[in-house]
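Secondary and tertiary structure notes
Each chain, written out:
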Amino acid sequence: PSEPQYEFLKVSTPRPGVGLIELHRPKALNALFTPLILELNAALRAFDKSTDIGCTVLTGSYKAFAAGADIKEMAPKTFAEAYGSDFIESWSGLPNLIKKPCISAVNGHALGGGCELAMMADVLYCSTAANFGQPEIKLGIIPGAGGSQRLTRAIGKARAMELILTGKNFSGQDAYDWGLAARVFATPEECLTGALDTAETIASYSRIAVKAAKEVVNKSQDLGIREGVEFERRVFHGLFGSEDQKIGMKAFAEKKKAEWVHR
Ligand code: CO8
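Residues numbered from 1 in each chain as written. Predicted model: local features only at pLDDT ≥ 70, side-chain atom pairs only at ≥ 80, totals over all residues.

Going by what an unreviewed UniProt entry lists, the protein chain is known as Probable enoyl-CoA hydratase, mitochondrial and is assigned to Cryoendolithus antarcticus. Its UniProt record gives the protein chain the following Sequence similarities (unreviewed entry) comment, quoted word for word: "Belongs to the enoyl-CoA hydratase/isomerase family." (UniProt positions renumbered as here; feature names shortened; annotations may be inferred.)

**Here's the deal with the sheet that holds strand E10 (residues 183–185)**
Here we have six strands laid out as an open sheet, ordered E1-E2-E3-E5-E7-E10, and mixed in their pairing. The open sheet has two free edges, formed respectively by strand E1 (9–15) and E10, since each of these has just one partner strand. Each adjacent strand pair in this sheet contributes to an overall mean axis angle of 20°, direction not counted. Pairing of strand E2 (residues 18–23) with strand E3 (residues 55–59) involves five bridges; the strand directions are parallel. Looking at the pairing, Gly-19 lines up with Thr-56 of E3. (Pairing = 2+ DSSP bridges. Helix = DSSP H or I, 4+ residues; strand = E, 2+ residues; numbered from the N terminus. Axes fitted to C-alpha atoms, helices over the stretch in contact; angles between N-to-C directions.)

**Points about the domain arrangement of the protein chain**
According to the domain assignment, the protein chain contains domain 1 (9–203) and domain 2 (207–253). If you average the C-alpha positions of domain 1 and of domain 2, the two centres end up 27 Å apart. The interface of domain 1 with domain 2 comprises seven residues on the first partner and five residues on the second. Here the side of domain 1 that touches domain 2 is composed, by residue class, of two nonpolar, one polar and four charged. (Domains from an automatic or database assignment. Contact = placed C-beta atoms within 7 Å. Nonpolar A, V, L, I, M, F, W, Y, C, P; charged D, E, K, R; others polar.)

**Considering the sheet that holds strand E4 (residues 64–66)**
Taken in spatial order, the four strands line up as E4-E6-E8-E9 in an open sheet, and their pairing is mixed. If you trace the sheet from one side to the other, it starts and ends with E4 and strand E9 (170–171), each paired once. Along the sheet, helix H5 (residues 113–120) makes contact with E4, strand E6 (109–111) and strand E8 (131–133), crossing E6 at roughly 95°.

**Some details on the site of the ligand**
Surveying the vicinity of the ligand reveals 24 residues, the closest of which are Ala-67, Gly-68, Gly-112, Gly-113 and Ala-145. Elements with a minimum of two residues in the shell around the ligand: helix H2 (71–74), E6 and H5. The biggest single contributor to the shell around the ligand is H5, with three residues. Along the lines of polarity and charge, the residues of the shell around the ligand split into 15 nonpolar, five polar and four charged. (Near = placed C-beta within 6 Å.)

**A look at helix H9 (residues 188–203)**
A rise of 1.5 Å per residue sets the reference length of H9, with its 16 residues, at 22 Å; its end C-alpha atoms lie 22 Å apart and thus fit the reference within 8%. Listing the buried residues of H9 in full gives Pro-188, Cys-191, Leu-192, Gly-194, Ala-195, Thr-198, Ala-199, Ile-202 and Ala-203. Looking down the long axis of H9, one finds its buried residues gathered within 165° of arc, a one-sided arrangement. (Expected span 1.5 Å × (residues − 1). Buried ≥ 20, exposed ≤ 12 C-beta atoms within 10 Å, placed from the backbone. Arc of directions from axis to C-beta.)

**Some points on H5**
Buried residues dominate H5, accounting for eight of its eight residues. Within the span of H5, buried status applies to Gly-113, Gly-114, Cys-115, Glu-116, Leu-117, Ala-118, Met-119 and Met-120.

**Quick look at the packing of helix H10 (residues 207–219) against helix H11 (residues 225–238)**
Interhelical geometry of H10 versus H11 gives an angle of 170° and a closest axis separation of 9 Å. The angle between the axes of H10 and H11 places the two elements in the roughly antiparallel class. On H11, the residues touching Ala-212, Glu-215, Val-216 and Lys-219 of H10 are Gly-228, Phe-231, Glu-232 and Val-235. Partitioned by chemical class, the residues of the contact of H10 with H11 number four nonpolar, one polar and three charged. (Parallel < 35°, antiparallel > 145°, perpendicular 65-115°, else oblique.)

In structure tokens:
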């Protein structure tokens, strides 16, 4: 089937089971604005619904993942417009829209909304040359797409508070050292290849189990340890109702490769 055409995205399926979305607004360093976000939401939804896809990779160019929300678009906004339209609400779709995992591969600038978008993914990979930051304070605003919450949970209050109050940038190596990035790579090429390799591995497993694994890990961010462990156990019990659990365990016993049916 032919891929839908987008103006601000490049969309492809470079590996079995893997959907790749590249932000493509080179003239503005992938600055995020509503038409781009609507396309991104549509592309994410299409991959999430596709039975051929098990994992998505989200990336930008080697120069910029995304240099933030479009400052020129935001500049004239009034309070009434921002509040009235719940500005940014539709931009925060990634974590709510999709049930399958998404890996962000971050190269170059990931600033403001760009950093926030990267952090919405389930796994964040970057190269040493990545340039992260929440510089909103310099524009007279604050992070608006979850930056103050996700950055703080990922790297702790001490560092997040300092970064958000000063607007100082931090490197890909910092992101890895502080636990925001799961892996850091020497070059952008290796970063993208690493993300695609991991996505291919994830896509090779039962979609049912992968979806459940993502759900329980995400719950740890909202629940206390006792409720979290109970929630995990209930979802674990539920997987014994899947065909893939029988297939996976039988294949192990027979020393064969599991042929998942994703049910
Ligand atoms: N908005 C609009 N245009 C941008 C943006 C942006 N955020 N970033 C870069 N551009 C444009 C530039 O205006 C320039 O356009 P033109 O050629 O027409 O002048 C073009 O991209 C290239 O940029 P530069 O010439 O500045 O390139 P440099 O390599 O010299 O610098 C930088 C790169 C350091 C990234 C620089 O462009 C910069 O500082 N950009 C702004 C970064 C920033 O402050 N981002 C935060 C924005 S606020 C925000 O994101 C609020 C979050 C809200 C939630 C979002 C939900 C997802």
